[in-house]
Amino acid sequence: MVGVRDPALLEWLRSYLANRRHRTVIDRFASDWRYIPLFVPQGSIIGPLVFLISINNIADDISTNTSIPLYADDAKCYMKLLDPADQAVLQSDLNTIVNWSELWGVSCYDCKCKHLSFTKKQKPLKTTYLLAGNVLSNSACEKDLGVLVNSKLS
């Protein structure tokens with residue numbers, strides 16, 4: 001039986017993921033081949049499993065009040081904000097996630113990252129968060145797994 005720490009299995013997985021070539025083909029036109037030092041191939045049978053294993057420890061060093069649900073290649077980071085000190089905790093957790101992503105070579109900042117607050121308060125806390133030194137844009141409504149969610153949860 002092959003174990004998870006079996007050197008042959010780990011070598012096979014490393015060789016599968018390392019020094020791959022990639023190109024894009026649209027109709028009959030293809031881009032040049034590019035070498036990618038290490039990545040999980042999209043569309044592969046074991047790709048989703050390898051990706052989930054690789055990001056499984058993303059939440060290890062964040063505060064206990066912050067949640068990070070993961071779904072496929074998507075993650076959300078949230079917590080209940082009771083006072084301004086909670087904002088600093090959430091920002092610290094975002095910084096921890098950025099540090100994790102830099103350590104593991106996973107990009108966590110792109111135009112898809114947004115900040116959406118849920119509240120019933122007439123005067124909610126004004127919050128600004130940074131991800132990798134970039135201000136997250138505020139959003140009043142986002143689509144999540146095909147469902148539109150707004151700041152009033154209506």
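Every chain begins its residue count from 1, and numbering advances along the sequence as written. The predicted nature of this model means local features are confined to residues of pLDDT at least 70 and side-chain atom pairs, given and counted, to a pLDDT of 80 or more, with totals for whole chains, interfaces and linings taken over all residues. Where side-chain values are given, they derive from all heavy atoms of the structure, hydrogens and water being excluded.

### Looking at the overall build of the chain
Now for step 1: In terms of regular secondary structure, the chain is built from 3 helices and 12 strands.
Now for step 2: The reference for a compact globule is 2.2 Å times residues^0.38; the radius of gyration itself is calculated from the C-alpha atoms. Relative to the globule expectation of 15 Å for 154 residues, the C-alpha radius of gyration of the chain, 19 Å, shows a markedly less compact shape.
Now for step 3: Over its C-alpha atoms, taken along the principal directions, the chain stretches across nearly 55 × 45 × 30 Å.
Now for step 4: Relative accessibility thresholds used throughout: buried, under 20% of the residue-type maximum; exposed, over 50%; partly exposed, between the two (1.4 Å probe, protein chains only). Split into buried and exposed, the 154 residues of the chain put 18% on the buried side.
Now for step 5: Side chains of the chain carry 17 positive and 15 negative charges; the gap between the two charge centres is 7 Å. What counts as a helix is a DSSP run of H or I of at least four residues, what counts as a strand is a run of E of at least two, and both are numbered from the N terminus. Charge counting treats Lys and Arg as positive and Asp and Glu as negative, with His and both chain ends excluded. Here the site of a charge means NZ on Lys, CZ on Arg, CG on Asp, or CD on Glu.

### Some remarks on the pattern of salt bridges
Now for step 1: In what follows, salt bridge is the name for a side-chain nitrogen of Lys or Arg lying within 4 Å of a carboxyl oxygen of Asp or Glu. Scanning all chains against the criterion turns up 2 salt bridges.
Now for step 2: The partner of Lys76 in a salt bridge is Asp144, and the shortest N-O contact between them spans 3.0 Å. In this pair, Lys76 sits in the loop between β6 (74–75) and α3 (84–104) while Asp144 sits in strand β11 (residues 141–144), placing the two residues 68 residues apart along the sequence.
Now for step 3: You can call Lys76 partly exposed: its relative accessible area is 31%.

### Regarding the pairing of β11
Now for step 1: Two strands are counted as paired when DSSP detects at least two bridges linking them. Where β11 and strand β12 (residues 147–150) come together, 4 bridges link them in antiparallel fashion. Looking at the pairing, Glu142 lines up with Val149 of β12.
Now for step 2: What sits between the antiparallel neighbours β11 and β12 is a turn of 2 residues, in which Leu145 has the positive phi angle 50 degrees.

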